[in-house]
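# Structural characterization, general
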Amino acid sequence: MRSTIRLVVKALVICSLFSVTLVFAQDKQDKQGSRNAEVINVAVAANFAAPLKAYAEQFSRITGIEVNVTVASSGTLFAQIQHGAKFDVFLSADTARPQALIDAGKVHKDNMYQYAQGQLAFVYASDISPHIDAKPHKEEPYKEESIYLYKLVKQVTTTGSGKLAVANPLLAPYGEAAKNTLTHLDIWDEVQPSLVVGKNILQAYQYFTTGGVKGAFIAYSSVNIDSTVNTSIPNIHVIRVPEAFYQPITQALVINSNSKAVITPNVFNTLDTSDTKGVEHLTELTILPSHLFVQYLLSDAVQSSLPRWGYKRSVSAKASNEKASSTKSSEPT
Amino acid sequence: MEIFSSITPGIIDAVWLTLKLAFITSIILLAIALPLSWWLANWQGRTKPLIMSVFALPLVLPPTVLGFYLLIAFSPESPLGQLWYNLSGNMLVFSFEGLVLGSVIYSLPFALQPLYSGFVQLDKRYLEIAYSLGFSNVERFFKIVIPLCKAPVVAAFGLSFAHTIGEFGVVLMIGGSIPGETQVLSIALYEQVEALAYDQAHVLSLLLLVFSFILLAALYRFNGIAVSRSVNRS
């Protein structure tokens, strides 16, 4: 017994010594590798974490600026920033929290930008099948979709557990959109006893993937759209909820600074990122790294790739070009 | 008195639900932990350290991770969830019964530890005397052991009760925040913080703190040594 304990303690000591050595070695390497590199800290709402990490990687490759990404819920990040967390950029899942930071005087009023539009989806298990053979009418848009979704929801609330998962409408924009949709279908009051509420869209999805519920309203971005983006889960059906059924899910970011940021003109729209000259040109710019990152997120290249992640672009191609071509009308205050 | 205006019927529901959950969980835990810890304290097998470790594991796993596995285990597609559904006709996940089972697993070490150390320190001569007087095993346990170990029993009950009141991660994963069924105080509190309703959150936190403080103070007052020992240990 005692010898076992001694052995375990020895092993622990050796392990910890080994890991300390590793950490120091790693630290040294980092310092050598990026002696002059700049680092920005970005906070992102959980639903946009996967695309942001991919974009941040591309951004670092182009500019050499390192991006540290922190993932949490919008509400948590908001509370942290309000109490002094040093994030350079905050990507919220809604527009309310960025606006609240502006109202609280933490952020300059012009530092808020819409960066993506979320889309609502309904997932249901393969044993749910409303028998529907009618085809959509062209005269009455979404009538068939309404009936179809209505039948699906009804089926979900009467099959197996009879539970239906949504994100909390008070906390998550997608939860609110789900409520909008169920209200639109005139079924919100009826499904109350069947609702299980996740703290966010990912948890609602988790209730579904672990088999607790047969159907869930989630973000279109969290289901398998592009096989390179997400791993697929077998035996699920996904339908995109028509946008007419819910209030738009606009996601906005803020540059966490009291002084006005310079975003225009967008250097990335005129930049061939495969050209090394372009990269050299970028390093000569005097734009702050965090401003450059936001420019990148709003650039045509990023915005036009948003559908691949299940989002709609929030900056139209035209607006994006206009921003690029407009002259330096805004100076820092 | 203005702060009390934010106490809504929903919050009263959540408080009541939390107390009910903590009480039922602690009663069940006592029923499990009393015989279990007595057996552990009197057993000297080679595999004892392994068995002890298994029962202490809920201390190690992050509550949300433990909750995730309970979510899988309680789902109607798992054997356990299916068995429960066949027996009771209800789902285990997203139900009060599921929360009780989850809390029992989560708080087990807190009931086990004080009882185990109490039983280990018990002077065995009392039992030998009782044996020579012809007491049966059951009689010895209830007439000698329990009265002598009153302090650890109270500590086990109080600690599991307090731990269940503060439980968050597990309930978050398996609860589904259904008002009156699974929306306990800590979940309601979390939702208010996330919804930026800080005033309400402050009131709730204050309630939770004051209540827990009174509970713990009472525990320490009645048997300080037993509680502080087991708290230090865990």
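For the structure, see preceding data.
This structure is a prediction, so every number in the text was calculated from the model and none was measured.

Summing up its helical and strand segments, chain B has eleven helices and zero strands in all. The order of α-helices and β-strands along chain B, N terminus first, is α-α-α-α-α-α-α-α-α-α-α. By the burial criterion, 44% of the 234 residues in chain B qualify as buried. Counting only contacts in chain B whose residues sit at least 6 apart along the sequence, the fraction spanning at least 24 positions is 73%. The average position of the 11 basic charges and that of the 12 acidic charges among the side chains of chain B differ by 25 Å.

This part covers the side chain of Thr18(B). Within the element layout of this structure, Thr18(B) appears in helix 1 (residues 9-41). Those residues in contact with Thr18(B), other than ones at most four positions away along the chain, are Ile165(B), Val184(B) and Leu185(B).

This brings us to the interface of chain B and chain A. Interfaces are often sized by the amount of accessible area the parts lose when they come together. With 23 residues of chain B in contact, the opposing surface of chain A contributes 26 residues. The junction of chain B with chain A conceals about 1,900 Å² of combined surface from both sides, 62% of it contributed by carbon and sulfur atoms. Summed over the shared surface of chain B and chain A, the result is zero salt bridges. Counting across the chain B and chain A interface gives nine residue pairs in polar contact (both at pLDDT 80 or more). Looking at the side of chain B that touches chain A, the elements that each hand over two or more residues are helix 3 (63-74), helix 9 (169-175) and helix 10 (185-194) of chain B.

Here we come to the sheet that holds strand 8 (residues 215-219) of chain A. All names here are of chain A. Read across the sheet, five strands follow the order 7-6-8-5-9 without closing on themselves; strand pairing throughout is mixed. Looking at which strands have only one partner, the edges of the open sheet turn out to be strand 7 (195-198) and strand 9 (236-240). Ignoring strand direction, the axes of neighbouring strands in this sheet form an average angle of 25°. The pairing of strand 5 (residues 120-125) with strand 8 spans five bridges and is antiparallel. Residue pairing in the sheet places Phe-122 in a bridge with Phe-217 of strand 8. Most of the contacts of helix 5 (residues 143-158) go to strand 5, to which it runs at about 45°, and overall it touches strand 5, strand 6 (164-167), strand 8 and strand 9.

Thresholds applied
- Residues numbered from 1 in each chain as written.
- Chains lettered and ligands numbered in written order.
- Predicted model: local features only at pLDDT ≥ 70, side-chain atom pairs only at ≥ 80, totals over all residues.
- Heavy atoms only, no water.
- Helix = DSSP H or I, 4+ residues; strand = E, 2+ residues; numbered from the N terminus.
- Buried < 20%, exposed > 50% of the residue type's maximum accessible area, 1.4 Å probe, protein only.
- Contact = heavy atoms within 4.5 Å.
- Lys, Arg positive; Asp, Glu negative; His and termini not counted.
- Charge placed at Lys NZ, Arg CZ, Asp CG, Glu CD.
- Buried area = accessible area lost by both parts, 1.4 Å probe.
- Salt bridge = Lys/Arg side-chain N within 4 Å of Asp/Glu carboxyl O.
- Polar contact = N/O pair within 3.5 Å; in protein donor to acceptor, adjacent residues only side chain to side chain.
- Pairing = 2+ DSSP bridges.
- Axes fitted to C-alpha atoms, helices over the stretch in contact; angles between N-to-C directions.

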